[in-house]
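Observations on the model geometry
Below, each chain spelled out in residue letters.
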Amino acid sequence: MSSEDLLFDQANLTITKNTHFALYLWAQTVECFKCDLFKILDVSNDSDTGSVVIPSDKSWNFEIRDHGNTTICSSNRTSFGEHGQYVWYVNDSTCSSIQVQYPPYNEIQPALYSLFIFIASFIIVKLCIIIRRNRAIFIGRLADPVESDVENDFPFPSDVNRLLRPSVQTEQEHRRIKSLDVFRGISIVLMIFVNYGGGEYRIFRHSPWNGITIADVIFPWFAWIMGVSIAIKIKSELRNSLAKSTILAKIALRSFSLIVLGIILTNLRQDDLNTLRIPGVLQRLGVAYFICSAVELRFMKPQPILQNQRYSIVEDLIESYSQWLFVLGLTSLHLVITFFLPVPGCPTGYLGPGGLYDHSSNYNCTGGAAGYIDRLILTPNHIYQRATCFWVYKCDIPYDPEGLLGILTTTLCVYFGVHAGRIILVYINTSDRIKRWIVWSMFTSLLAGILCGFSNEEGWIPLNKNLWSLSYVLLCCGLAFVLLSFLLYVIDEKKWFGGAPFRQTGMNAILLYAGHVTMKQTFPWQWKEMFGQSTHLENLIMDLWATVLWIVIAVVLYKRKIFFKL
């Protein structure tokens, strides 16, 4: 097979034998934890060679066996390059190392070029803005005193930020914290890029089961920053003396709208009610939004309740202890159900993907209690049919990563965001906010590490996006605290970066989410391969183009002051 016949993330391995008997190549990916090897190639008595296409985005364990299933030689944790041609020479009882016959394509090079172009474009745009603002110097006439709308919308002078007590800040003033919109914008841009394919790079794909990638942190970040907005919005409405019943009605309407929109987007081009998928991203966000908003509305006070300044260092916790008790109760319920609910035919507390995992000992137990609850309540026809674990573990029963049980830990994720928003409300200085966010980040990340045993597979509660495990939520929230701290310091405190274009995308995040889902696999966002050879390059070009196109749309909408809010 020639390199031109291979697709992206594929290599060719040839077995060349000098034996009088048949050989068999057995293999398994390193990702497939505790999985048995399976036969992928026969080299018969009458043939000297045999070839097989190997996915190059994974590392592999190989064994060459004879007709009696005796292992002649092996190669562990073997990696291949895209479009590479490899050969393995076998004699009667010995083997060579796997050798490169034709070198692979450099799949990292397109990503490096794209990064260079992005940085260069950013520098050029910033220079143009500087020149425009200071054109009296550059072209010899007075500069226009009006700044760019993109860079100066809702300015928040640092002296005002320091002088105003949170108790008298208005909703508009809180919206002037640009880093919140930038955080949301980064999340939605990454989500669009990942959902369109991420250039087909492995780091932009979801983990097959345990573990975490860039793709896995995006949804929790979106949920987390939604929580920040909940705290600020409800405090503002209470200070404006809105009746709690009115606020609750608005919360319920927005939650219902998110759920309905989510069901529509999840079932695009689907008209069979018998297989309508019920769970989804927006559905999960809508339910978690309602729970956290209702809890905040029930217990939040319009004005600060702390009188003794001696305890001001923990004022944010004192103001929210009732809410935390409720949310931690939901988290405890999640743990109890996960580890103690009897699941027919499966070990109690099972957290594995089923299929080939653990030598195929629990083949139909995908997701343990989480999968069982969804298949029992929603029925198999109304949940996701092929989980990410299928591609590694061959788990072939329906399992939904946005199922019912994960709502409880999603609520915890959103509420960590609520508490980050409360810190904005309670503490005036940027340094006080950042210090507390960093402490929360250290606490949640360390606890996540302890729960997962600082490993992918061996801990008590592994990092798992499919299950929305507790360790996974804690780690993602820890990373969110760090990112918001960085953005607040760089954008709102030091004003080194205005936030464009992420701020513009963050201010229309729901519209961009709905739009990119609707237009997926539609020109001009996506098209069939352009080049004769399928590589990461053509996929990266297409996925970057689609993402940039949505960014341009967001900037145009921002310029025209068009914002879509549910």
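Scroll up a little and you will see the structure.
All values reported here derive from a predicted model rather than from experimental measurement. (Residues numbered from 1 in each chain as written. Predicted model: local features only at pLDDT ≥ 70, side-chain atom pairs only at ≥ 80, totals over all residues. Heavy atoms only, no water.)

**Points about the side chain of Q85**
Under the convention used in this document: Numbering of helices and strands runs from the N terminus; a helix is a DSSP stretch of H or I covering at least four residues, while a strand is a stretch of E covering at least two. Whenever two N or O atoms come within 3.5 Å, that pair is a polar contact, provided that in protein one can donate a hydrogen and the other can accept it, and provided that, for residues adjacent in sequence, both atoms are side-chain atoms.
Turning to its location among the elements, Q85 is positioned in strand β7 (residues 85-90). Polar side-chain contacts of Q85 include one of 3.1 Å to the side chain of N12.

**Quick look at the sheet that holds strand β6 (residues 71-78)**
To keep things clear, this is the line we draw: The criterion for strand pairing is that DSSP finds at least two bridges linking the strands in question. As a rule, the C-alpha atoms of each element are fitted with a line to give its axis, helices using only the stretch in contact, and angles between N-to-C directions run from 0 to 180 degrees.
Taking strand neighbours across the sheet as the criterion, the four strands line up as β3-β2-β5-β6 in an open arrangement whose pairing is antiparallel. Edge positions in the sheet fall to β3 (38-43) and β6, since each has one partner strand and no second. Taking the axes of each pair of neighbouring strands and ignoring which way they run, one obtains an average angle of 20° across the sheet. As paired elements, strand β2 (residues 23-29) and β3 share five bridges and run antiparallel to each other. Residue pairing in the sheet places L25 in a bridge with L41 of β3.

**Digging into the packing of helix α1 (residues 109-133) against helix α20 (residues 536-559)**
For any two helices packed against each other, one specifies the crossing angle of their axes together with the interaxial distance. For clarity, the threshold we go by: By convention, the crossing between two helices is left-handed when the near helix turns anticlockwise from the far helix through less than a right angle, and right-handed when the turn is clockwise. Any two residues having at least one pair of non-hydrogen atoms within 4.5 Å are treated as being in contact.
Here α1 crosses α20 at 30°, and the two axes come no closer than 9 Å. Of the two elements, α1 crosses α20, and the hand of that crossing is right-handed. Here P110, A111 and S114 of α1 lie close against α20, whose contacting residues are L537, L540 and L544.

**Brief notes about the packing of aromatic side chains**
The description of two aromatic rings rests on the distance between their centres and on the angle between their planes. Stated precisely, the cut-off is as follows: Ring pairs shown here join Phe, Tyr and Trp side chains whose ring centres sit within 6.5 Å, with only the six-membered ring taken for Trp; geometry is labelled stacked below 30 degrees between planes, edge-to-face above 60, and tilted in between.
Applying the stated criterion to the full structure yields 26 aromatic pairs. Ring centres 5.9 Å apart and planes at 70° place the aromatic pair Y357 and Y393 in the edge-to-face group. A residue pair is termed long-range when its members are at least 10 positions apart, and Y357 in helix α12 (residues 357-360) and Y393 in helix α14 (residues 390-393) qualify at 36 residues. These aromatic residues form a ring-pair network of at least three members: F183, W221, W224, W324, Y415, F416, W440, F443 and F481.

**Observations concerning the packing of helix α7 (residues 214-239) against helix α8 (residues 244-266)**
Note the following rule: These descriptions rest on fixed angle ranges, namely under 35 degrees for roughly parallel, over 145 for roughly antiparallel, 65 to 115 for roughly perpendicular, and the rest for oblique. Any residue that is not Ala, Val, Leu, Ile, Met, Phe, Trp, Tyr, Cys, Pro, Asp, Glu, Lys or Arg is counted as polar, Gly included; the first ten are nonpolar and the last four charged.
Close contact between α7 and α8 brings their axes to 10 Å; oriented N to C, the two are set at 150°. With respect to their mutual orientation, α7 and α8 come out roughly antiparallel. As α7 runs across α8, the sense of the crossing is right-handed. Contacts from I234, E237 and L238 in α7 reach K244, I247, K250 and I251 in α8. Partitioning the contact of α7 with α8 into residue classes produces four nonpolar, no polar and three charged.

**Remarks on a nonpolar patch on the surface**
The following threshold applies: For patch building, the residue pool is restricted to those with more than 30% relative accessible area and no salt bridge; the joining distance is 9 Å between like charges and 5 Å between nonpolar side chains (Val, Leu, Ile, Met, Phe, Trp, Tyr). Only the protein chains shown count as cover for residues, and the accessible areas themselves come from Shrake-Rupley with a 1.4 Å probe. By definition, a salt bridge exists where a carboxyl oxygen of Asp or Glu is found within 4 Å of a side-chain nitrogen of Lys or Arg. Only protein chains enter the calculation, and the probe is 1.4 Å; a residue is then buried if its accessible area is under 20% of its type maximum, exposed if over 50%, and partly exposed in between.
Residues L115, F118, I119, F122, I123, L127, I130 and I131 make up a contiguous nonpolar surface patch of roughly 720 Å² in combined accessible area. Following the sequence through the fold, I131 ends up in helix α1. In this structure I131 comes out as partly exposed when scored by relative accessible area, which is 38%.

**Things to note about the state of the cysteines**
The line we're drawing: Cysteine sulfur atoms that come within 2.5 Å of each other are treated as a disulfide pair.
One pass over the full model with this rule turns up four disulfides. Linked covalently through their sulfurs, C389 and C395 form a disulfide whose S-S length is 1.8 Å. Taking the torsion about the sulfur-sulfur bond, which here is approximately 115°, the covalent link between C389 and C395 counts as right-handed. The two residues C389 and C395 agree in class, both being buried. Looking at C477, it has no disulfide partner, and the nearest cysteine sulfur is the one in C413, 3.7 Å off. C477 gets classed as buried once you look at its relative accessible area, which sits at 0%.

**Notes on the pattern of salt bridges**
By the definition in use, this model includes 13 salt bridges. Notably, a salt bridge pairs D9 with R205, separated by 2.5 Å at the nearest N-O pair. Pair noted here: D9 is in the segment before β1 (10-17) and R205 is in the loop between α6 (178-195) and α7, with a separation of 196 residues, a long-range link. Across the pair K250 and E237 runs a salt bridge whose closest N-O atoms are separated by 2.7 Å.

**Side note on helix α16 (residues 430-451)**
Helical periodicity: at 3.6 residues per turn, an α-helix aligns residues three or four positions apart in one direction. What counts here: Between the first and last residue of a helix there are one fewer steps than residues, each counted as 1.5 Å, and that sum is the expected span.
Helix length check: α16, at 22 residues, gives a terminal C-alpha distance of 31 Å against a target of 32 Å (1.5 Å per residue), a fit within 8%. Among the residues of α16, T430, R433, I434, R436, W437, W440, S441, T444, A448, G449 and L451 are the ones counted as buried. Once α16 finishes, G453 follows within two positions and takes phi at roughly 65°, a positive value.

**Re the sheet that holds β7**
Ordered by their spatial adjacency, four strands build an open sheet running β4-β1-β7-β8, and the pairing between neighbours is mixed. Lying at the two open borders of the sheet, with one neighbouring strand each, are β4 (49-55) and β8 (99-102). Taken pair by pair, the neighbouring strands of this sheet meet at an average axis angle of 30°, ignoring direction. Here β1 pairs with β4 via seven bridges, running antiparallel. Residue pairing across strands places Q10 opposite P55, the latter belonging to β4.

**Some details on the pairing of β6**
Examined bridge by bridge, strand β5 (residues 60-65) and β6 share five bridges and lie antiparallel to one another. Each bridged residue has a counterpart across the sheet, and for E63 the counterpart in β6 is S74. Remark: five residues form the turn of the hairpin made by β5 and β6, two consecutive strands paired antiparallel; N69 in that turn has positive phi of roughly 65°.

**Observations concerning the environment of F21**
Within the secondary structure, F21 sits in the loop between β1 and β2. Between the C-alpha atom of F21 and that of D92, which follows or precedes it by 71 residues, the distance is 8.5 Å. Not counting the four nearest positions on each side in its chain, F21 is found in contact with N45, D66, H67, I72 and D92.

**Re unusual backbone geometry**
With an omega dihedral of 0°, the bond running from A500 to P501 counts as a cis peptide bond. By secondary structure assignment, the location of P501 is in the loop between α17 (470-493) and α18 (502-506). P524 follows F523 through a cis peptide bond whose omega is 10°. Tracing the sequence through the fold places P524 in the loop between α19 (509-518) and α20. A positive phi angle, near 65°, is found at S241, a position not held by glycine. Position of S241 among the secondary structure elements: in the loop between α7 and α8. Despite not being glycine, F454 shows a phi value in the positive range, around 50°.

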